[in-house]
Amino acid sequence: MSAKRAFNFNAGPAALPLEVLQQAQAELLDYKGTGMSVMEISHRSKEFEAILQEAEADLRDLLQIPANYKVLFLQGGATLQFAMIPMNLRPAGGSADYIVTGAWGKKAFKEARLTGTARAAATTEADHFNRLPAQTELDLDPQAAYLHFTANETIHGVEFSAQPEPPAGVPLVCDVSSDFISRPLDVSPYGLLYAGAQKNAGPAGVVVTMIREDLLERVPENLPSLLNYKALAAEGSLLNTPPCWSIYIVGLVFKWVKGLGGLQAMEKRNRAKADRIYKAIDESGGFYRGHAAPEARSLMNVTFRLPSEELEAAFVAEAKKQAMIGVKGHRSVGGMRASIYNAVDLPAVEALVAFMKDFQSKNG
Ligand SMILES: Cc1ncc(COP(=O)(O)O)c(C=O)c1O
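Just so it is clear, the model here is predicted, and its values are computed rather than measured.

Caption draft 1: View of the site of the ligand. Neighbouring the ligand are the residues Gly-12, Gly-77, Ala-78, Thr-79, Trp-104, Thr-150, Thr-154, Asp-175, Ser-177, Ser-178 and Gly-196. Top element by residues in the shell around the ligand is helix H3 (residues 77–89). It accounts for 3 residues. Residues of the shell around the ligand, tallied by class, amount to 2 nonpolar, 8 polar and 1 charged.

Printed below as a string of structure tokens:
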């Protein structure tokens, strides 16, 4: 492929592996002899059923998902999961606990309060979401319907390295949208995990939800079918027309991750990338300042500031001239954010680090 590709540091939708795009391109006009693209075949066809089954099997293999978990490919993004989780898992009159460590956890908490009671078991907002709470800081309700947290806060760049401990019998629920399949994850401590695909796993349009089967018994009968985990699970993600193309690409990404050696290899690669940028920040003598406390640093979204907003604007503009896209931070945090998901390779990170050093030498 001779196309000129950008160094893509977008936060999501984000970079996809070149090999996956090339395979999709090769299969675009005639998927496996059908004479149609995956966008044109029936979701009830044997070709699409195979795509769905393989995507699930490959994910089960990558994460070693226990047999008593359902894997669902849903729509509405992670944001609809914010609403569906309390609707499905919090009984009438019950309450759910939320650990709020950034913008996404805050949104999930807000959504849960629209339909019932939710408590903040902790919030680090007073510290501008630059750190994670210790287990001892958590004010946990032993009767909570579940305990929700956000594994990686995409906007603030803080990531849990170990999951918080819920009280006995309280299911742990986690938004893994921005660190999904970036490293090994033991699914067994969780009641439910969910991930919007458009960061590490594919295009927007599909969210992967993994739910322990016993929790399906909590689902109220009167929920609309498309919001009802039990109904969705019973139909194997085919309750209505699913986002076929997005599922197809996600399936190709799962195979790509497996081909690279699985999640341990992915973690090694992701750590090497993140280390390079954090080292550049730490060795800049204060020119670059990381937003996250060192022990909370995300492997996926590196957030940092420069000495002034003028320099930050110049950094973004200069980076763009060198085909580095997406380095501007979210407006709520300011500064820079480099999202270095699975498909961002080491040469892209090395190009960014070289650029950071060069920019500092000219402007420091
Ligand atoms: C951690 C996290 N949760 C939830 C969302 C919302 O995802 P969606 O836009 O798919 O609803 C995002 C999107 O960036 C995210 O990063």
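There's plenty left to go through after this.
Caption draft 2: Representation of the pairing of strand S3 (residues 95–100) in the model. Of all 6 residues that make up S3, 5 are buried, and the element is covered over most of its length. Of the pairings in the sheet, the one linking S3 to strand S4 (residues 117–123) comprises 6 bridges and is parallel in character. The residue of S4 that forms the bridge with Ile-99 is Ala-122. In this region the chain leaves S3, passes through helix H4 (residues 103–114) and returns to the parallel neighbour S4; the handedness of that crossover is right-handed. Taken together, the 2 bridges between S3 and strand S5 (residues 147–150) define a ladder with parallel strand orientation. What sits directly across from Tyr-98, in S5, is His-148.

Caption draft 3: Highlighting the nonpolar core. If you look at the biggest cluster of nonpolar residues, it comprises 66 residues, and the most contacted ones within it are Tyr-98, Leu-192, Ala-195, Val-208 and Val-250. Within the second largest apolar cluster, 31 residues are counted, among which are Ile-277, Tyr-288, Leu-299 and Val-327.

Caption draft 4: Structural context of the sheet that holds strand S10 (residues 207–212). Pairing within the open sheet is mixed, and its 7 strands lie in the order S2-S10-S9-S8-S5-S3-S4. At either margin of the open sheet sits one strand with a lone partner, and together these are strand S2 (69–74) and S4. Each strand of the sheet is rotated relative to its neighbour by a mean of 20°, with strand direction disregarded. Along the sheet, H4 makes contact with S3, S4, S5 and strand S8 (172–175), crossing S3 at roughly 165°.

Caption draft 5: Here's a closer look at the domain arrangement of the protein. Segmenting the protein into domains produces domain 1 (21–259) and domain 2 (261–363). Each side of the interface is counted separately: domain 1 has 22 residues, and domain 2 has 22 residues. Of all the secondary structure elements, the ones that give two or more residues to the side of domain 1 that touches domain 2 are strand S7 (158–159) and helix H6 (244–259). Each residue belonging to the side of domain 1 that touches domain 2 can be placed in one class, and the counts come to 8 nonpolar, 8 polar and 6 charged.

Conventions we followed
- Residue indices begin from 1 for each chain and proceed along its sequence in written order.
- Two thresholds apply to this predicted model, a pLDDT of at least 70 for residue-level local features and 80 or more for giving and counting side-chain atom pairs, whereas whole-chain, interface and lining totals are computed over all residues.
- Any residue qualifies as near a molecule or strand once its backbone-derived C-beta atom lies within 6 Å of it.
- Under the scheme used here, helices are H or I runs from DSSP no shorter than 4 residues and strands are E runs no shorter than 2 residues, and both carry numbers assigned from the N terminus.
- Ten residues, namely Ala, Val, Leu, Ile, Met, Phe, Trp, Tyr, Cys and Pro, are considered nonpolar, four, namely Asp, Glu, Lys and Arg, are considered charged, and the remaining ones, Gly among them, are considered polar.
- Here exposure depends only on C-beta density: within 10 Å of a residue's C-beta, 20 or more other C-beta atoms make it buried, 12 or fewer make it exposed, and intermediate numbers make it partly exposed, the C-beta atoms being placed from the backbone.
- Two strands are said to pair when DSSP picks up at least two bridges between them.
- Orient the strands so they point away from the viewer; a crossover is then right-handed if the path from the first strand over the helix to the second runs clockwise.
- When buried Ala, Val, Leu, Ile, Met, Phe, Trp, Tyr and Cys residues are joined through C-beta atoms within 7 Å, the set is termed a nonpolar core.
- Lines fitted to C-alpha atoms define the axes here, with helix axes fitted over just the stretch in contact, and angles between the N-to-C directions of these axes take values from 0 to 180 degrees.
- Note on contacts: each residue gets a C-beta atom placed from the backbone, and two residues are in contact if those atoms are within 7 Å.
- Start and end positions for the domains come from either an automated domain assignment or a database one.

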